[in-house]
Amino acid sequence: MNKLLGISVLVVVISVAAYMGYESRFYDAPDAKTYDVINAEGKVIDQFTIPKITDVVGHKDEEAILYGMRLLNETARLLPDNVGNGLNCNSCHMGQGKRELGAPYINTYNRYPRFNPRAQRVLDLNERINGCFQRSMNGKPIPIDSPEMQGMHAYMKWLGGDVAPGNTVKLTSLEFFKVGKYTANANNGAQVYAAQCGTCHGSDGEGIKDQFGDYIFPPLWGDDSFNIGAGMARASRAGAFVIHNMPLSVSREAPLGQITLSEQEVVDVVEYFTKKPRPDFAGKENDWPGMDNPADSRY
Ligand code: HEC
Ligand code: HEC
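No experiment lies behind these values; they were computed from the predicted model shown.

Conventions adopted
Residues numbered from 1 in each chain as written. Chains lettered and ligands numbered in written order. Predicted model: local features only at pLDDT ≥ 70, side-chain atom pairs only at ≥ 80, totals over all residues. Heavy atoms only, no water. Buried < 20%, exposed > 50% of the residue type's maximum accessible area, 1.4 Å probe, protein only. Helix = DSSP H or I, 4+ residues; strand = E, 2+ residues; numbered from the N terminus. Donors = N, O, S within 2.8 Å, 3.2 Å for Na, K, Ca; no water. Tetrahedral: all angles 85-135°; square planar, octahedral: opposite > 155°, others 65-115°. Pairing = 2+ DSSP bridges. Core = buried A, V, L, I, M, F, W, Y, C linked by side-chain atoms within 4.5 Å. Domains from an automatic or database assignment.

### Some words on helix α10 (residues 235-245)
Part 1: Judged by how many residues are buried, α10 sits mostly within the fold: 10 of 11 residues are covered.
Part 2: The complete set of buried residues in α10 reads A235, S236, A238, G239, A240, F241, V242, I243, H244 and N245.

### What about the coordination of the iron atom of ligand 1?
Part 1: The protein atoms that coordinate the iron atom of ligand 1 are H93 (NE2) and C132 (SG), at distances spanning 2.1 to 2.4 Å.
Part 2: Angles of 84 to 179° at the metal separate the 6 donor atoms of the iron atom of ligand 1, which places the site in the octahedral class. With H93 in the loop between α3 (75-78) and α4 (94-97) and C132 in helix α6 (residues 125-134), the pair connects residues that are 39 residues apart, well separated along the chain.

### Things to note about the sheet that holds strand β1 (residues 34-38)
Part 1: Strands sit in the order β2-β1-β5 across an open sheet of 3 strands; the sheet is antiparallel. If you trace the sheet from one side to the other, it starts and ends with β2 (44-49) and β5 (168-169), each paired once.
Part 2: With 5 bridges connecting them, β1 and β2 associate as antiparallel partners. Bridging across to β2, Y35 finds its partner in F48.

### Some details on the nonpolar core
Part 1: Judged by nonpolar contacts, the single largest core of 56 residues is most densely connected at F48, F133, M152, Y155, V242, V270 and F273.
Part 2: Taken together, the elements giving at least two residues each to this core come down to β1, α2 (62-73), α6, α7 (147-159), α8 (186-196), α10 and α11 (263-274).
Part 3: In terms of domain composition, this core takes at least three residues from each of domain 1 (24-169) and domain 2 (179-286).

Rendered as structure tokens:
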């Protein structure tokens with residue numbers, strides 16, 4: 001009887017969460033937070049406010065910006081030929097790329113072309129976006145002259161506001177997690193996972209789908225997850241993401257400052273889920289050419 005009650009409560013919780021659109025990718029910026037804009041010398045030269053999607057109305061690139069926004073939110077559903085798993089870009093780029101410590105796109109448009117340590121060369125924005133298609137989305141690149149690529153560029157450019165190339169919106173950057181500082185314990189990670197993650201991401205990392213077959217809570221491992229070539233498969237990246245963004249809705253930056261996971265728990269849970277079976281990455285031998293792969297690489 002108790003078990004039945006437990007299951008009913010869980011079903012109600014999940015239904016309510018699903019009904020409310022729990023996912024942060026559907027939230028617009030909650031408040032118009034203002035950040036400093038700095039120039040190459042680090043001097044504050046202007047202020048930047050995260051734009052709201054309603055500001056797009058009447059913009060000369062309105063159609064392309066909204067198309068890009070939809071693609072980043074609903075990638076798996078809209079681009080099935082290019083996405084090889086169940087994820088959307090904004091499964092990791094939190095709050096539509098507007099969240100400071102959630103892999104934001106705010107400075108992205110102005111940052112490229114940019115040197116990429118994994119490739120050991122300068123990548124342009126098309127190559128960087130297609131990198132996430134091939135690794136994080138376990139899929140295929142989109143053509144660079146396609147309306148889809150143009151839409152993603154338009155959204156990222158619009159999100160960056162009027163900030164000129166060479167200048168930067170001063171955000172707290174996602175420091176890569178110093179994994180070596182702790183000894184990872186995957187058994188403890190499994191317990192953290194069961195207590196803090198499994199209700200949304202599934203007891204076997206399989207995620208939860210809505211009635212249309214789209215993931216509402218994304219998978220963390222298995223065939224529908226990111227592949228071993230993704231940044232998120234590395235403990236240093238996954239740790240930084242998890243400590244600031246997960247469990248969803250309870251984070252360090254929440255209004256009451258709740259801290260649910262210690263750094264040790266993050267290291268443990270990341271050790272547990274990043275090393276679970278996930279798709280291989282075909283081009284892995286070309287990464288970090290002429291040098292040793294970083295210690296937290298899966299290959
Ligand atoms: C599984 C998580 C995940 C998914 C899904 C994902 N990304 Fe990323 N993305 C990341 C991480 C983590 C980084 C930071 C890269 C690093 O240091 O390895 C990143 C970096 C980027 C960057 C560079 C940002 C900058 O300012 O330098 C772009 C652009 C990008 N992603 C676009 C996309 C697009 C477009 C999609 C969907 C096609 C996508 N990402 C899907 C995790 C993800
Ligand atoms: C309340 C539900 C919830 C809980 C609990 C939760 N997550 Fe998430 N998680 C999400 C959602 C929803 C997303 C997709 C991003 C979005 O829409 O905001 C996500 C995205 C992620 C991602 C990137 C996308 C992917 O599938 O790879 C990782 C990694 C992740 N969560 C890890 C964790 C870990 C580790 C825990 C436990 C410490 C956890 N999450 C707890 C709801 C949750």
